[in-house]
Amino acid sequence: MTNSASERRLTSPYHQKNFFEKTAEGFKKNRSIFWFLIPAMAFSLIFSYIPMFGVTFAFKDTSFNDAMRRHASILGALIYSHWTLNTFASIFDNTFWAALSNSLIINLLKLFLIFPLSIILAIQLADMKSQKLAKLILIILCIPDFLSWTVVIKIWTNFFNPDTGLLGRLLAGVTSGNHVTYFEASFKPLFLFYAAWKGTGWGSILYYAAITSIDKSFYEAATVEGANLFQKAIYLTIPSIGATIALMMVLSISGFTSVGLEQAQLMLNGASYYEKEWTLDLYIWQLSIGDGAGVNYVQAAAVGVFNGFVSLFLMLTGNVLTTKFLHEGLW
Amino acid sequence: MGKSIALHIRSASFFHGRKGTGPKVHQPVVDVVIRTISMVILGFFVILIIVPLLNYFSLAFNDPTYNENVIIFPIRWDFSSFAYLFSSNSEGFWKSFVNSLIITLVVTVISNLIEAMAAYPLSKLDCPFRKGILMYFVITMLFSAGIVPIYLLMRSFNLLDNIWSIILCSISNVFNLLFYKSFFESVPKEIEEAATVDGAGSLRLFFDIVVPMALPVFGSCCFFTIVDMWNGYGAALIFIKTSATDSMPLAYYLYVMMTQDTSKTQYDIFLQTHMDNIQAASFLISIIPILLIYPYVVKYIKSGATLGSVKE
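Each helix and strand counted, chain A has 18 helices and zero strands in total. Its C-alpha atoms give chain A a radius of gyration of 27 Å, more than 25% over the compact-globule value 20 Å for 331 residues. By principal-axis analysis of the C-alpha atoms, chain A measures approximately 100 × 75 × 35 Å. Sorting the 331 residues of chain A into buried and exposed places 34% on the buried side. Counting only contacts in chain A whose residues sit at least 6 apart along the sequence, the fraction spanning at least 24 positions is 66%.

A word on the overall build of chain B. Regarding its fold elements, chain B presents 15 helices and zero strands. Sorting the 312 residues of chain B into buried and exposed places 37% on the buried side. Taking as baseline every contact in chain B between residues at least 6 positions apart, the subset at least 24 positions apart corresponds to 70%.

Bringing unusual backbone geometry into the picture now. Residues and elements named next belong to chain B. For Asn158, which is not a glycine, the phi torsion comes out positive at approximately 65 degrees. Position of Asn158 among the secondary structure elements: in the loop between α6 (147-156) and α7 (163-171). Overall, the presence of 9 C-beta atoms within 10 Å leaves Asn158 in the exposed class.

Our next topic: the interface of chain A and chain B. In this assembly, 79 residues from chain A lie in contact with 84 residues from chain B. If you tally residues by element for the side of chain A that touches chain B, the top one is helix α3 (residues 37-52) of chain A, at eleven residues. Residue composition of the side of chain A that touches chain B, by class: 51 nonpolar, 22 polar and six charged.

A few words on the domain arrangement of chain A. All names here are of chain A. Here chain A is partitioned into domain 1 (17-88) and domain 2 (92-326). One C-alpha centre belongs to domain 1, the other to domain 2; they are set 33 Å apart. Taken together, the contact pairs eleven residues of domain 1 with seven residues of domain 2. For the side of domain 1 that touches domain 2, the secondary structure elements donating two or more residues are α4 (63-69) and α6 (86-90).

With that settled, consider the environment of Leu177 of chain B. Looking at the element boundaries, Leu177 of chain B is found in helix α8 (residues 174-186). On the basis of neighbour count, Leu177 of chain B is assigned to the buried category, with 27 C-beta atoms found within 10 Å. Along the chain, Leu177 of chain B and Val217 of chain B lie 40 residues apart, while their C-alpha atoms are 11 Å from each other. Look past the residues within four positions of Leu177 of chain B in its chain and what remains in contact with it is Ala40 of chain A together with Glu115, Ala118, Ala119 and Phe137 of chain B.

Below, the discussion takes up the packing of helix α8 (residues 131-142) of chain A against helix α2 (residues 29-57) of chain B. The interhelical angle for the contact between α8 of chain A and α2 of chain B, taken along N-to-C directions, is 35 degrees, at an axis separation of 9 Å. Judged by the twist between their axes, the crossing of α8 of chain A over α2 of chain B is left-handed. Residue-level contacts link Ile137, Ile140 and Leu141 of chain A of α8 of chain A to Leu42, Phe45, Val46, Ile49 and Ile50 of chain B of α2 of chain B. Tallied by class, residues from the contact of α8 of chain A with α2 of chain B come to eight nonpolar, no polar and no charged.

It is worth spelling out α8 of chain B at this point. Given 3.6 residues to a turn, an α-helix orients residues that are three or four positions apart in the same direction. When the terminal C-alpha atoms of α8 of chain B are compared, their 19 Å separation across 13 residues agrees well with the 18 Å that a helix rising 1.5 Å per residue should span. Summarising the contacts, the buried residues of α8 of chain B are in contact with α3 of chain A together with α4 (91-122), α5 (130-142), α10 (202-213) and α11 (215-231) of chain B.

Residue and element names in this part refer to chain A. Within the secondary structure, Ala58 sits in the loop between α3 and α4. Residue classification places Ala58 among the buried residues on the basis of 27 C-beta atoms within 10 Å. In sequence terms Ala58 and Met41 are 17 residues apart; their C-alpha atoms lie 26 Å from each other. Those residues in contact with Ala58 that sit more than four places away from it in its chain are Thr87, Phe88, Val298, Ala301, Ala302 and Val305.

With that settled, consider the nonpolar core. Ranked by internal contacts, the top residues of the largest apolar core, which has 113 residues, are Tyr283, Ala301 and Val303 of chain A together with Ala118 and Tyr252 of chain B. If one sorts the elements of this core by residue count, α4 of chain B sits on top with ten residues. Excluding its chain neighbours within four sequence positions, the residues that come into contact with Val303 of chain A are Ile91, Phe96, Tyr283, Ile284 and Leu287 of chain A. Cys142, Ile205, Ala210 and Ile241 of chain A belong to the second largest nonpolar core, which has 23 residues in total.

α6 of chain B packs onto helix α17 (residues 280-288) of chain A with a crossing angle of 35 degrees between their chain directions and a minimal axis gap of 10 Å. Two packed elements cross with a definite hand, and for α17 of chain A against α6 of chain B that hand is right-handed. Between α17 of chain A and α6 of chain B, the residues in contact are Ile284, Trp285 and Ser288 of chain A and Ile147, Val148 and Tyr151 of chain B, respectively. For the contact of α17 of chain A with α6 of chain B, the class distribution of residues is five nonpolar, one polar and no charged.

Moving on: the confidence of the model for chain A. Of all residues in chain A, 90% attain a pLDDT of 70 or more, and the chain-wide mean is 83. Element-level mean pLDDT values for chain A span from 54 in helix α1 (residues 2-11) of chain A up to 93 in α3 of chain A.

Residues and elements named next belong to chain A. Structurally, Gln299 can be placed in helix α18 (residues 297-326). Of the residues examined, Gln299 has 25 C-beta atoms within 10 Å and is grouped as buried. The spatial distance from the C-alpha of Gln299 to the C-alpha of Asn86 is 9.9 Å, given a sequence separation of 213 residues. Residue contacts for Gln299: discarding those within four places in its chain leaves Thr87, Ile91 and Leu287.

Residues and elements named next belong to chain B. Per-residue confidence for chain B gives a mean pLDDT of 81, with 85% of residues at or over 70. Predicted confidence is poor over residues 1-22, with pLDDT under 50, and the contacts of this stretch with residues over four places away or in other chains come to 25 contacts. Confidence drops under a pLDDT of 50 for residues 304-312, and excluding neighbours within four residues, the segment shows 24 contacts in the predicted structure. What the predictor reports for the complex is a pTM of 0.84 with an ipTM of 0.83.

What counts, and at which threshold
Residues numbered from 1 in each chain as written. Chains lettered and ligands numbered in written order. Predicted model: local features only at pLDDT ≥ 70, side-chain atom pairs only at ≥ 80, totals over all residues. Helix = DSSP H or I, 4+ residues; strand = E, 2+ residues; numbered from the N terminus. Rg over C-alpha atoms; globule rule 2.2 N^0.38 Å. Buried ≥ 20, exposed ≤ 12 C-beta atoms within 10 Å, placed from the backbone. Contact = placed C-beta atoms within 7 Å. Nonpolar A, V, L, I, M, F, W, Y, C, P; charged D, E, K, R; others polar. Domains from an automatic or database assignment. Axes fitted to C-alpha atoms, helices over the stretch in contact; angles between N-to-C directions. Left-handed = near helix turned anticlockwise from the far one by under 90°. Expected span 1.5 Å × (residues − 1). Core = buried A, V, L, I, M, F, W, Y, C linked by C-beta atoms within 7 Å. pLDDT = per-residue confidence, 0-100.

Dropping the structure here:
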């Protein structure tokens, strides 16, 4: 009797399946594709989750560094070195604050100067009479994004060279070579300029696609109403692509502590007086790999953990913001 | 160039208005001004991109005695820099070129294959522990413990100064996984159901039906992986010493060539005089693989970049 009752219960369309029944059914249905997950999960486990245990390095004293320099095994070093909180207390020195504030300032400037540039560029291109020409311009503007940072920096140092460079000689004629000392002393404007030169064109593709998909009749109506291009851009285009802008803004804020190791490395490495211009990426790199002399694994791990938690916080905040305002999470 | 285009548009609209064939709507004077300024700005941007590129890469074809006079074309053509690069003196360059080819190829194939495979079960709503497994992947994107642990891990695997350290740590790519997942979710259920009724197993369903449908997504994800792996050397900065010339990716080799002390050149007169030109030539060769896939970028732009607007 009970048997048929439970059978009836299972086959009844009104029956709410419980968690175990659902899971079992899901397994049964997906059993031949469930193993698809295994390779990706294994790679994540080995190269993302196991390194996360490296958080513990930040709570070790310098005997861990010595063990690592002797190429002892990591587990052994973890067991035999002492636990301490001093490493964490000692990371907040001047170099660290300078590096953190440099990263934040550069990213803020990027957000206020370079980020709108892509949008303005996309609006200009989408407004052009000949869309073929607009696409050609876009294709040209995208080229620098496909060059490596080495090539980009080399091209511009060559261009700015006061003896042989095309613009450098012109500038040297006007400033009698002062622009070189200026460039060396002030690093952020040049850093931003290179970043803008490399990324603006590629960054505008998304906005260009969003703008060209706006209904043309809105623009016709606005024209009849006598709106000029500027008014159309402010009151029509930007509100229409607001979701895309917000999403990209949140994504860029999520990576706010990082400015790209390669560019900072190329522009700042080598000269010690650049130390006050270091970014956080470069500071961590100097501490953990560097030129071998100043390597301090525990301090690097501590700064890395701090950085990890700040970016985690920013990412989660970004996700909350997008879920709230765009009704879609980042993932 | 920019100015002439601006003038052209201005005169065109002028004639347009005089003939009175256009719509009756009066075009505000502000618009003409804005369009002109906008064209000048765009023209300036195009010049800002093209001139430094041509200026630098014409060094590759130029006679070094005239390097200073180059504007955007070589002054006197000279291919000896390329001859040097193709001679036995530049083994390191070609070794790193091959390394980069291997890294790019292996990472692109394996990474995209396993991420797409993992995305497929996750796109099924009845997949058990779907949310949990998704979080398992997303957490790796959210939090990382920095470069020390991964460096020490690779050291204990004995993979330092080896291209496999770069390959292994680049394979996991959660961004692509989410991209594939959102595409697979958009595949209509009816197609898969029809194939199941016809007797296709899940494996056949995935490789014969779903993957061919997802080819544009594969194309764009693979394209981004290729560009990242070819141009990026952040991992190489961590895992490869500047002295390990045998196991460098190309971008890193060029970085080392550009920044390191050039003391060894003092024994090589040709290298000394042609330094800039050889560097330009090697940079030019290094971007050829990217130029080969650039038509894909053009297609991507022309198709309206719709793939880019798929939610990440």
